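# Summary of the model geometry
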Amino acid sequence: MAAMTSRAPVPRVPRRGRRAGGGDTRGTIVTAARVEFARVGYDAASLRSIARAAGVDPSLVHHYFDGKPDVFVAAMQLPVRPADLVAGVLAGPAEQVGVRLATAVLDVWEVPAARDAFLGLLRSAVSHEEAARMVREFMGREVFGRVAQRLQVPDPELRAGVAASQMIGLALMRFVIGFPPVARASKEQLVAIVAPTLQHYLVGEPSRDAPRGLDSSHGE
């Protein structure tokens, strides 16, 4: 009988390249996304670049998140998905969009944890260009920008920008600077004052006496 020989186990060579899912893959993606957004801004970051920074396959980013806005919300620990907020704002007649937008944003700020997350990002934006760029691009594109685009009005980016400036300015006066009349006002009071301005910014017709800019007839 031939002598039996035993084979030594073949050592397993670690696979190189992107990691498959496992462990806290979602947390790894969120951490990498936070760095990537700070490095290049919201607009320039992509799901592929975030996956590359996290060392995972891009399909895993799609597995854990619905899209770039959801990754940003998780990375910045924001309290609400922009798609949900925008859907609520647009669920009704255009004549009341200012009221719904003001109410939706103020409702978010009523929740302490949500307010703290938003204000943390806002305070960083005041002194850090990276944070300012993220706020500017995210709010302009994913929140106010989507509302203006869906309303199909002239100059949607400009309208979205001035509407965003209204609510960000209100947040600064109410929570950061603490201007007493604004800080003490009820949500209902603020909605009554701010909503008509938002309505005009988003869907109102420009005054005939105003400089052109919110007018689609630039060439006339």
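Residues numbered from 1 in each chain as written. Predicted model: local features only at pLDDT ≥ 70, side-chain atom pairs only at ≥ 80, totals over all residues. Heavy atoms only, no water.

Now for the overall build of the protein chain. Looking only at helices and strands, the protein chain features eleven helices and zero strands. Each helix and strand of the protein chain, ordered N terminal to C terminal, gives the series α-α-α-α-α-α-α-α-α-α-α. When burial is assessed residue by residue, the protein chain has 40% of its 220 residues classed as buried. Of the contacts formed within the protein chain by residues at least 6 apart in sequence, a portion of 67% connects residues at least 24 apart. If you sum the accessible surface of the protein chain, you get close to 13100 Å²; carbon and sulfur atoms cover 55% of it. (Helix = DSSP H or I, 4+ residues; strand = E, 2+ residues; numbered from the N terminus. Buried < 20%, exposed > 50% of the residue type's maximum accessible area, 1.4 Å probe, protein only. Contact = heavy atoms within 4.5 Å. Areas by Shrake-Rupley, 256 points an atom, 1.4 Å probe, with all protein chains shown as cover.)

Looking now at unusual backbone geometry. You will see that Gln152, though not glycine, has its phi angle at about 55 degrees, which is positive. Within the fold, Gln152 resides in the loop between α8 (129–151) and α9 (156–176). In this structure, Asp155 takes a positive phi of about 50 degrees despite not being glycine. With respect to the helices and strands, the residue Asp155 is situated in the loop between α8 and α9.

Moving on, we come to the packing of helix α6 (residues 97–110) against α9. At their nearest, the axes of α6 and α9 sit 12 Å apart, and the two run at 35 degrees to each other. Relative to α9, α6 is oriented so that their crossing is right-handed. Contacts between α6 and α9 involve Ala102, Val105, Leu106, Trp109 and Glu110 from the first element and Met167, Leu170, Ala171, Arg174 and Phe175 from the second. A class-by-class count of the residues in the contact of α6 with α9 yields eight nonpolar, no polar and two charged. (Axes fitted to C-alpha atoms, helices over the stretch in contact; angles between N-to-C directions. Left-handed = near helix turned anticlockwise from the far one by under 90°. Nonpolar A, V, L, I, M, F, W, Y, C, P; charged D, E, K, R; others polar.)

In this fold, Gly145 is placed in helix α8. Residues Gly145 and Arg159, spaced 14 residues apart in sequence, show a C-alpha to C-alpha distance of 8.2 Å.

Taken as a whole, this structure holds seven aromatic pairs when the rule is applied. For the ring pair Phe72 and Phe138, a centre distance of 4.3 Å and an interplane angle of 25 degrees mean the geometry is stacked. Of this pair, Phe72 sits in helix α4 (residues 68–76) while Phe138 is found in helix α8, placing the two residues 66 residues apart along the sequence. Here the two residues Phe72 and Phe138 agree in accessibility, since each one is buried. In this structure an aromatic cluster arises from ring pairing among Phe37, Tyr42, Phe72 and Phe138. (Phe/Tyr/Trp six-rings, centres within 6.5 Å; stacked < 30°, edge-to-face > 60°.)

With that settled, the discussion passes to the pattern of salt bridges. Pairs may arise between side chains of opposite charge once their charged atoms sit close together. Evaluation of the coordinates by the stated rule reveals eight salt bridges. Put simply, Glu36 and Arg39 hold a salt bridge, and the shortest N to O gap is 3.0 Å. Here Glu36 pairs with Arg39, and both are found in helix α1 (residues 25–44), just three residues apart, close to one helical turn. Here Arg39 falls in the exposed class, since its relative accessible area comes to 56%. Residue Asp66 pairs with Arg81 through a salt bridge whose shortest N-O separation is 3.2 Å. (Salt bridge = Lys/Arg side-chain N within 4 Å of Asp/Glu carboxyl O.)

Before going further, it helps to examine the packing of helix α7 (residues 112–127) against α9. α9 packs onto α7 with a crossing angle of 105 degrees between their chain directions and a minimal axis gap of 11 Å. Compared by their axis directions, α7 and α9 come out roughly perpendicular. In this structure, α7 contributes Arg115, Phe118, Leu119, Leu122, Arg123 and Val126 to the contact, and α9 contributes Ile168, Ala171, Leu172, Phe175 and Val176. Of the residues in the contact of α7 with α9, the class split is nine nonpolar, no polar and two charged. (Parallel < 35°, antiparallel > 145°, perpendicular 65-115°, else oblique.)

Attention now goes to α4. Counting along an α-helix, one turn takes 3.6 residues, and residues three or four places apart therefore face a common direction. Taken across its nine residues, α4 has nine buried, putting it largely inside the fold. Where α4 is buried, its residues contact α1, α2 (47–54), α3 (58–64), α5 (82–90), α7 and α8. Looking one or two residues beyond α4, the residue adopting positive phi is Gln77, at roughly 55 degrees.

We now examine the nonpolar core. In terms of nonpolar packing, the biggest core is built from 67 residues, with Phe37, Phe72, Trp109 and Phe144 touching the most fellow members. With eleven residues, α8 is the largest single contributor of residues to this core. (Core = buried A, V, L, I, M, F, W, Y, C linked by side-chain atoms within 4.5 Å.)

Note that Lys68 resides in helix α4. No salt bridge is formed by the buried Lys68; the nearest opposite charge belongs to Asp43, separated by 5.2 Å. In contact with Lys68, not counting residues within four places along its chain, are Phe37, Tyr42, Asp43, Ala45 and Leu47. (Lys, Arg positive; Asp, Glu negative; His and termini not counted.)

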